[in-house]
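# Reading the structure
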Amino acid sequence: MRVFQNVSDIGDLRTALDEAFEIKKDRYKYSTIGKNKTCLLIFFNNSLRTRLSTQKAAMNLGMNVIVLDVNQGAWKLETERGVIMDGDKSEHLLEAIPVMGCYCDIIGVRSFATFQNRADDYEEKILNQFIQYSGKPVFFMESATVHPLQSFADLITIEEYKRNKRPKVVLSWAPHPKALPQAVPNSFAQWMRAADVDFVVTHPEGYELDPQFVGDTKVEYDQMRAFEGADFIYAKNWSCPGVTRPADYGRVLNTDRSWTVDDRHMAVTNNAFFMHCLPVRRNMIVTDSVIESPTSIVIPEAANREISAQVVLKRMIQSL
Ligand code: CP
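The following refers to the structure shown. (Residues numbered from 1 in each chain as written. Predicted model: local features only at pLDDT ≥ 70, side-chain atom pairs only at ≥ 80, totals over all residues. Heavy atoms only, no water.)

Turning to the packing of helix H1 (residues 13-25) against helix H6 (residues 148-161), a few remarks are in order. Put simply, H1 and H6 touch, their axes get as near as 11 Å, and they point 80 degrees apart. By the angle between their axes, H1 is roughly perpendicular relative to H6. When H1 is examined against H6, the residues Leu13, Arg14, Ala16, Leu17, Ala20, Phe21 and Lys24 are found in contact with a partner set consisting of Phe152, Leu155, Ile156, Glu159 and Glu160. Of the residues belonging to the contact of H1 with H6, the class tally is eight nonpolar, no polar and four charged. (Axes fitted to C-alpha atoms, helices over the stretch in contact; angles between N-to-C directions. Helix = DSSP H or I, 4+ residues; strand = E, 2+ residues; numbered from the N terminus. Parallel < 35°, antiparallel > 145°, perpendicular 65-115°, else oblique. Contact = heavy atoms within 4.5 Å. Nonpolar A, V, L, I, M, F, W, Y, C, P; charged D, E, K, R; others polar.)

Enumeration over the complete set of coordinates arrives at 23 salt bridges. When the shortest N-O distance is used, the salt bridge between Lys76 and Asp88 registers 2.9 Å. Here the residue Lys76 occupies a position in the loop between strand E3 (64-69) and strand E4 (77-78), and Asp88 occupies one in the loop between E4 and strand E5 (91-92), the gap between them amounting to 12 residues. Residue classification places Lys76 among the partly exposed positions, given a relative accessible area of 47%. Using a relative accessible area of 49% as the deciding quantity, one classes Asp88 as partly exposed. One salt bridge connects Glu159 with Lys162, and the closest N-O pair in it is separated by 3.2 Å. Residues participating in the shared-partner salt-bridge network are Arg14, Asp18, Glu159 and Lys162. (Salt bridge = Lys/Arg side-chain N within 4 Å of Asp/Glu carboxyl O. Buried < 20%, exposed > 50% of the residue type's maximum accessible area, 1.4 Å probe, protein only.)

Attention now moves to the sheet that holds E3. By definition, the strands of a sheet pair up through backbone hydrogen bonds, in either a parallel or an antiparallel sense. Within the open sheet, the five strands sit side by side as E1-E7-E6-E2-E3. Their pairing is parallel. Sheet topology places strand E1 (3-4) and E3 at the edges, where each strand pairs with a single neighbour. Sitting on the sheet, helix H5 (residues 125-133) touches E1, strand E2 (38-43), strand E6 (106-110) and strand E7 (138-140), and the angle it makes with E7 is about 160 degrees. (Pairing = 2+ DSSP bridges.)

On the surface, Ile66, Val99 and Tyr103 cluster together into a nonpolar patch covering about 290 Å² of accessible area. Residue class for Tyr103 comes out exposed when judged on its relative accessible area of 57%. (Patch = residues over 30% accessible without salt bridge, like charges linked within 9 Å, V, L, I, M, F, W, Y side chains within 5 Å. Areas by Shrake-Rupley, 256 points an atom, 1.4 Å probe, with all protein chains shown as cover.)

Another aspect to go through is the sheet that holds strand E8 (residues 168-173). Across the sheet, which stays open at both edges, the five strands sit in the order E10-E9-E8-E11-E12 with parallel pairing between neighbours. Strand pairing shows two members of the sheet lacking a second neighbour, strand E10 (218-219) and strand E12 (273-275), which therefore form its edges.

Further remarks concern the site of the ligand. Taken together, the neighbourhood of the ligand is formed by Ser47, Leu48, Arg49, Thr50, Arg110, His147, Gln150, Cys277, Leu278 and Arg305. One of the side-chain N or O atoms of His147 is found 2.8 Å from an oxygen atom in the ligand. Residue Gln150 places a side-chain N or O atom 3.0 Å away from a nitrogen atom belonging to the ligand. A total of 250 Å² of accessible area belongs to the ligand in isolation, and the protein chains cover 93% of it. Residue composition of the shell around the ligand, by class: three nonpolar, four polar and three charged. Residues lining the shell around the ligand come from more than one domain, with at least three contributed by each of domain 1 (3-146 + 304-319) and domain 2 (150-301). (Near = heavy atom within 4 Å. Polar contact = N/O pair within 3.5 Å; in protein donor to acceptor, adjacent residues only side chain to side chain. Domains from an automatic or database assignment.)

Residues Phe4, Ile10, Phe139, Phe152, Phe199, Val312 and Leu313 are the most contacted members of the largest nonpolar core, which totals 55 residues. Considering every element that reaches this core, the biggest residue donor is helix H12 (residues 298-318), with seven residues. The residue makeup of this core includes at least three contributed by each of domain 1 (3-146 + 304-319) and domain 2 (150-301). Residue contacts for Leu313: discarding those within four places in its chain leaves Cys39, Thr54, Ala57, Ala58, Leu61, Met63, Ile106 and Phe139. (Core = buried A, V, L, I, M, F, W, Y, C linked by side-chain atoms within 4.5 Å.)

For the coordinates displayed, the defined rule picks out 12 aromatic pairs. Of the aromatic side chains, those joined through ring pairs into one cluster are Phe115, Tyr122, Phe213 and Tyr249. Seen from the ring of Tyr122, Arg118 lies directly overhead, with NZ or CZ sitting 4.0 Å from the centre. The ring of Tyr30 carries Lys314 above its face, with NZ or CZ at 4.6 Å from the centroid. (Phe/Tyr/Trp six-rings, centres within 6.5 Å; stacked < 30°, edge-to-face > 60°. Lys NZ or Arg CZ within 6 Å of the ring centre and 35° of its normal.)

Below is the structure:
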């Protein structure tokens, strides 16, 4: 595997899940395949789970790990070609990327949407430069449009907890005070469409996800109706994807707290499990009561980030 960005990059999902459960049973089974290999993790944005789980996964495989926080200690990077660099940016990404590639075997990159230009974000301008110029396999640790390590972990979690063969999984928008990217819901939609689940999306009007990710998934604008009979509720905020009105891209259009997932919502589900990628703002996205309930699986979901990262790194090492 040279790139991990989309669900198609992982191949057959059943095979990937079997590999995940094999690793979960014994996460040190492949503890020598990464010997003398270096994994470089580059963060343009903050992280708790991705940073720790991916380091742990690489160490489980015997890899060396280098972590670079671009905005803390590295030179400020220019990302646009053709710019006269007379400002505060000392280095261009076009030199920095191949240099970083010299010091490692595999690169993971986190670089969120900037919301300055929808086309740049949706063309994955930053991550594509890493793919093009690093000369190394690149995995996405949340980019402008996708968060595949999260979605793979979500799928592993659903597979572990499902009580029927084809569970109903609902992705629900929920309110948040700040404009958040669409990477998590985009990827979640992409992965759920590829999985054997009955997938429904619910959000207020104006929050329609890009069709390249959501396809022809059923969208239910009545949140309570969407929740009826659900086996899994996956809550997440996202800002306007700008599908119907490009001028609204990245804007907060709605802060309606009636969309906060509470006991009233969960009561119409099939005793659904509650999921969220974390970090989560309590009593905005979900009430204390729901996230602390016995059916909240946000912690095992986060724990599976180590497993999803380990499957991806193992495959990348095997293809070096
Ligand atoms: N879910 C997730 O990616 O968490 P972090 O932003 O803390 O890495």
